[in-house]
Amino acid sequence: MSLLTVEKLTKSFGGLTAVSNANMHIDKGELVGLIGPNGAGKTTFFNLLTGVYEPTSGSIKLDIDGEQTEIAGFKPNNVTKVGLARTFQNIRLFKDLSVLDNIRIAMHQNIDYRLPSALFRSNKYYEEEERLRKEAEELLDIFDLSHKKDEMAKNLPYGEQRHLEIVRAMATKPVLLLLDEPAAGMNPNETVHLTKTIAKIRDEFDLTVLLIEHDMSLVMKICERVYVLDYGTMIASGKPEEIKNNKRVIEAYLGEDV
Amino acid sequence: MKVLNKKNIFTLIIIIAIYALVQLLLTTGTISSFYEITIATICINIILAVSLNLVTGFTGQFSLGHAGFMSIGAYAGALINMSMKSTSGFLAGILIGAIAAAIIGVLIGIPTLRLKGDYLAIATLGMAEIIRVVFLNMEITNGAAGLNGIPRFTNWTWLYLFTALTIVLINNFVRSSQGRACISIREDEIAAESMGINTTKYKVMAFAIGAAFAGVAGALYSSYFYFINPTMFGFQKSIDILVIVVFGGLGSITGSVIAAVLLAVITTMLQSFSSLRMIIYALLLVIIMLFRPQGLLGTKEVTDLFKFRRNEKVE
């Protein structure tokens, strides 16, 4: 069953077409990779999916409760509401807030009290805040971050900050998780840990994951299917082994024969 | 009722204790009527600073138009109070002043809050000037001459009640999920959006709540000082409020309270040096900002200091 279907997605910035006629489909439960050389348009593609940019043309359909819904042109907060959560290539945590607050902010769309309850602290406020705290702590517990919950996000080591970003995205209760270069800048140990985390997300939360990555070993190890983007067009897709031997992919990465 | 927990009861006792103490000093005459004006100024400045702090300190939207919202409350309060010379008229004036300011806040907020940083500051400044010019030219507000002979209902009790109410409600707001949504906008607007937070909605919400309390402050002001005119609510007034907020710490409610008290005390003490007063005042501000650029308390609250100690004991 197809969870996400992208058809002929195009984005032009003036004369530059960053993404052109890109197609992609992701089934429920899959772990899909998106690779490509620098400047191929991977992050633009992500930004189109998450509503940061509005597509020039094309469609993005998400399966919401069995119904194919067009989400192209949704605002980022509405994209998150229908179940797409993302991380950022350059970490964008709420640096001066505690780890717990980072998670609680991501859970905001699940709270069930309104402004008057907040201002006058009704019983509902206390009940919901307690539920929120409990859920946030449970989530941090699953990802081994609960001992750092009161620490400021900026004081975490780099690897843990990347980790926290993933956990924060998970806190929005997504159906599809988009990871933008989660292993960027990580040392080999941290990458191993990350690989485990991604596997855990897949297995324990039954989530679908799309990740952009430069670290080929990571992509080849965990992704079931890989899409390759070059100069804004999808040049190949398939299983990791197929991609590894694909002539066009090798050309895109290493250049053509002279 | 979960509101009646230990912490809240303790807060309530402190609130009542402060009220009783000042009331005692007033009735025994230890605080002369000269200093009573200082106390009124402090209370009004606290309401203004705490509400501006919600917009600028917590939500991170740099606004220079707070005096504009104050003037809406002041005029609405004064007009209603002058036609209904009773306590209920006074309270109705405050309520309608707050609602009117909040509505104007929403109307101004929706177009201007798309802007960021300096541009937003300039836009809000312009909006406040427009409000001032409107009051300057309307017949009902008596133009440049302003309104005279507003009945005085504001006294220490009302001032204290509304000041305490402002602090409690805004504190409740910033410690709720809605408040955290506002804080996340200050921290990183793009990340906040991708966490499912409707940033426009929460920016406008913070702006409207801030405006409403500025309206309350304005209504109290007009009823205490008998007299208002449009020049009182100019650019200078907005800057005065901003100074209190920055001085106390952007994102610290108790900081705003302490700063409002300190600055009022300094101004009163300097009154005997009349000619040097503004120079010393300005110099003090420069010195304090040089040594504590984050303001007196930064983003911390006074209560955080106690929490820190308690944690230390446990370890």
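Analysis parameters
- Residues numbered from 1 in each chain as written.
- Chains lettered and ligands numbered in written order.
- Predicted model: local features only at pLDDT ≥ 70, side-chain atom pairs only at ≥ 80, totals over all residues.
- Helix = DSSP H or I, 4+ residues; strand = E, 2+ residues; numbered from the N terminus.
- Rg over C-alpha atoms; globule rule 2.2 N^0.38 Å.
- Buried ≥ 20, exposed ≤ 12 C-beta atoms within 10 Å, placed from the backbone.
- Contact = placed C-beta atoms within 7 Å.
- Pairing = 2+ DSSP bridges.
- Axes fitted to C-alpha atoms, helices over the stretch in contact; angles between N-to-C directions.
- Nonpolar A, V, L, I, M, F, W, Y, C, P; charged D, E, K, R; others polar.
- Domains from an automatic or database assignment.

A.B. asks: Describe the overall build of chain B, naming the residues involved and giving the relevant values.
C.D. replies: Per the secondary structure count, chain B includes 13 helices and zero strands. Written out in order from the N terminus, the α and β elements of chain B read α-α-α-α-α-α-α-α-α-α-α-α-α. Taken over the C-alpha trace, chain B has a radius of gyration of 20 Å; the compact-globule value for 315 residues is 20 Å, and the two agree within 12%. Relative to its full complement of 315 residues, chain B shows a buried share of 45%. Residue pairs at least 24 apart in sequence account for 80% of intrachain contacts in chain B once pairs closer than 6 positions are excluded.

A.B. asks: I'd like a description of the sheet that holds strand E2 (residues 16-27) of chain A, backed by residues and values.
C.D. replies: Residue and element names in this part refer to chain A. Read from one edge to the other, the open sheet built from four strands follows the order E2-E1-E4-E5, with strand pairing classed as antiparallel. Edge positions in the sheet fall to E2 and strand E5 (67-70), since each of these pairs with one other strand and no more. For this sheet the average axis-to-axis angle between neighbouring strands, irrespective of direction, equals 20°. Pairing analysis gives four bridges linking strand E4 (residues 57-64) to E5, with the strands arranged antiparallel. Its bridge partner being in E5, Leu 62 is matched across the sheet by Thr 69. Sheet strands touched by helix H1 (residues 42-49): strand E1 (2-13), E2 and E4. Its angle to E2, the strand with the most contacts, is close to 65°.

A.B. asks: Account for the interface of chain A and chain B, with residues named and values stated.
C.D. replies: At the interface, 27 residues of chain A touch 24 residues of chain B. Breaking the side of chain A that touches chain B down by element, the ones donating at least two residues are helix H2 (76-81), helix H3 (99-106), helix H4 (115-120) and helix H5 (123-142) of chain A. Each residue belonging to the side of chain A that touches chain B can be placed in one class, and the counts come to twelve nonpolar, seven polar and eight charged.

A.B. asks: Which residues make up the domain arrangement of chain B, and what values do they have?
C.D. replies: Residue and element names in this part refer to chain B. Under the domain assignment, chain B is made up of domain 1 (58-233) and domain 2 (236-315). The C-alpha centroid of domain 2 is placed 22 Å from the C-alpha centroid of domain 1. With twelve residues of domain 1 in contact, the opposing surface of domain 2 contributes seven residues. For the side of domain 1 that touches domain 2, the secondary-structure elements that each account for two or more residues are helix H3 (66-83) and helix H6 (156-174). When the residues that make up the side of domain 1 that touches domain 2 are grouped by side-chain class, the tally is nine nonpolar, three polar and no charged.

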